[in-house]
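Chain residues, written in single-letter form:
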Amino acid sequence: MIAFLAELSKQNGGIATWKRLQEFRFQGRQIPLIGQKGIRKIRGHESAFTILTTYRLNPKTRPYDDAIGADGYPRYKWRGQEGAHPDNESLRQAMLTRKPVAWFEGVQTGVYLIHEAVWIVGEEQAHQQFVLALDETMRDQWQPEVHMSSADLALRREYADVVVKRRLHQPMFKRRVLTAYRTQCAVCRLRVRELLEAAHIKGDAEGGDPIVPNGIAMCSIHHRAFDALVVGITPAFKVEVRADVRQQTDGPTLRHSLQGVHGLNLELPHRRDQRPDPDLLEERYERFKAVG
């Protein structure tokens, strides 16, 4: 299963559709990896082998409040309120046997970000949830906080933050932004997926949230130009290029990719609630004006 998901992820930029996740076969038997319930196990086996986080445009409306703990480790909620529910028991078995499970996070209806192997390393019964590790190092570092020094806790949290950002936040943010912008650069309309990125309006280091209204789909060159304040976006969604760059004389890249986009309107998502936050754009645009 892990090999199947790794190949699927490689082919499709880290995602898979509901249909493709039904097509896994093992020893001649078709075994759907995703179903209507969030936790799947194979009849006759005690351990869960896949878990699902449902897609919602606003994560706060999801039926289960899966989140990142104060220690940097993701949490996955019980099914229902009863710890003895068979699905919860199947997760407990995966935890006790240290077997990896696949995790599918919804990025839009019927489309999922693939985590082909995560580990259930702990359970917090008071909060009705399990603790997930995203790689073997996170798995091996996990133990209850009462058994760890403050220095070791800080180091574990630092590592978990890096892994969660790389494997959860950044891929999820990118996929949701590109989906909202119909997989094209909002500045130049380029549709080559391999060259598209999700630009933050307010960066991670500044406290920006990884949500669609804080992002704009851009090709690599316009993302770099936006980050470097060579390109700015007004709160009215108009593209501007810094004055000194517009006055330069150079080759076709400068002429078409930068000077040529000055004054264009940003290509926006169809849904208004996915469009760039004007307040965030205003803050960023003031920085752009200050340098040019």
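The structure this text deals with has already been given above.
Reference entry: report on the structure contained in this document.

The rules behind the values
Residues numbered from 1 in each chain as written. Predicted model: local features only at pLDDT ≥ 70, side-chain atom pairs only at ≥ 80, totals over all residues. Heavy atoms only, no water. Helix = DSSP H or I, 4+ residues; strand = E, 2+ residues; numbered from the N terminus. Contact = heavy atoms within 4.5 Å. 1 Å grid on protein atoms, 1.4 Å probe; cavity = no way out; pocket = protein on both sides within 12 Å on 5 of 7 lines; lining within 4 Å. Points joined across faces, edges and corners; volume = space filled by probe spheres on them. Expected span 1.5 Å × (residues − 1). Buried < 20%, exposed > 50% of the residue type's maximum accessible area, 1.4 Å probe, protein only. Arc of directions from axis to C-beta. Polar contact = N/O pair within 3.5 Å; in protein donor to acceptor, adjacent residues only side chain to side chain. Salt bridge = Lys/Arg side-chain N within 4 Å of Asp/Glu carboxyl O. Phe/Tyr/Trp six-rings, centres within 6.5 Å; stacked < 30°, edge-to-face > 60°. Lys NZ or Arg CZ within 6 Å of the ring centre and 35° of its normal. Core = buried A, V, L, I, M, F, W, Y, C linked by side-chain atoms within 4.5 Å.

### Regarding the environment of L254
Assignment of secondary structure puts L254 in helix α7 (residues 252-258). When residues no more than four places from it in sequence are discounted, the contact partners of L254 are V245, Q248, T249, Q259 and G260.

### A look at the layout of surface pockets
Considered as a void within the structure, the second largest pocket measures approximately 360 Å³ in volume. In this structure, the second largest pocket is lined by 13 residues; those nearest its centre are I42, H45, S47, F49 and K99.

### A word on helix α8 (residues 278-291)
For α8, with 14 residues, the first-to-last C-alpha span of 20 Å sits near the 20 Å given by 1.5 Å per residue. Residues of α8 that are buried include every one of L281, R284, Y285 and F288, and no others. What you see down the axis of α8 is that its buried residues fit within an arc of 105 degrees, all on one side. The exposed set on the far side of α8, more than 90 degrees from its buried face, consists of D279 and A290. Looking at where α8 begins, the residue whose side-chain oxygen comes 2.8 Å from the main-chain nitrogen of D279 is D277.

### Concerning the pattern of salt bridges
Evaluated as defined, the whole model comprises 19 salt bridges. Here R189 ties to E267 by a salt bridge, and the two come within 3.4 Å at their closest N and O atoms. Taken as a pair, R189 in the loop between α4 (150-180) and β10 (196-200) and E267 in the loop between α7 and α8 lie far apart in primary sequence, 78 residues in all. R189 gets classed as partly exposed once you look at its relative accessible area, which sits at 31%. What makes E267 partly exposed here is its relative accessible area of 26%. For E206, the salt bridge goes to R287, with nearest N and O atoms at 3.0 Å. Here R287 lies in helix α8 and E206 lies in the loop between β10 and β11 (215-219), a separation of 81 residues in the sequence. By sharing partners, the salt bridges in this structure join D71, R75, E124 and R156 into a single network.

### Comments concerning the packing of aromatic side chains
Any pair of aromatic rings gets described here by the distance separating the centres and the angle formed by the planes. Counted under the stated rule, the structure contains four aromatic pairs. Taken together, a centroid distance of 5.2 Å and an interplanar angle of 55 degrees make the contact between Y73 and W142 tilted. With a gap of 69 residues between them, Y73 in the loop between β5 (48-53) and β6 (75-77) and W142 in the loop between α3 (136-141) and α4 connect regions that are remote in the sequence. By the burial criterion, Y73 is buried, and W142 matches it. Across from the ring centre of W119, 5.0 Å away, lies the NZ or CZ of R139, which sits over that ring. Over the ring of F226 we find R284, and its NZ or CZ is 4.2 Å from the ring centre.

### Overview of the nonpolar core
Core analysis: the biggest nonpolar cluster contains 32 residues, and I216, I233 and L266 have the highest contact counts within it. Mapped by element, the contributors of at least two residues to this core are α4, β10, β11, α5 (220-227), β12 (231-233), β13 (239-241) and α7. With residues up to four places along the chain from it excluded, the contact list for L266 reads A186, V187, I216, I233, F237, V239 and P276. If you look at the next biggest cluster of nonpolar residues, it comprises 27 residues, including I51, M95, V163 and V164.

### Things to note about the side chain of T234
For T234, the location among the structural elements is in the loop between β12 and β13. Judged by its relative accessible area of 10%, T234 is buried. With sequence-adjacent residues up to four places away left out, T234 is seen in contact with E240, L281 and Y285.

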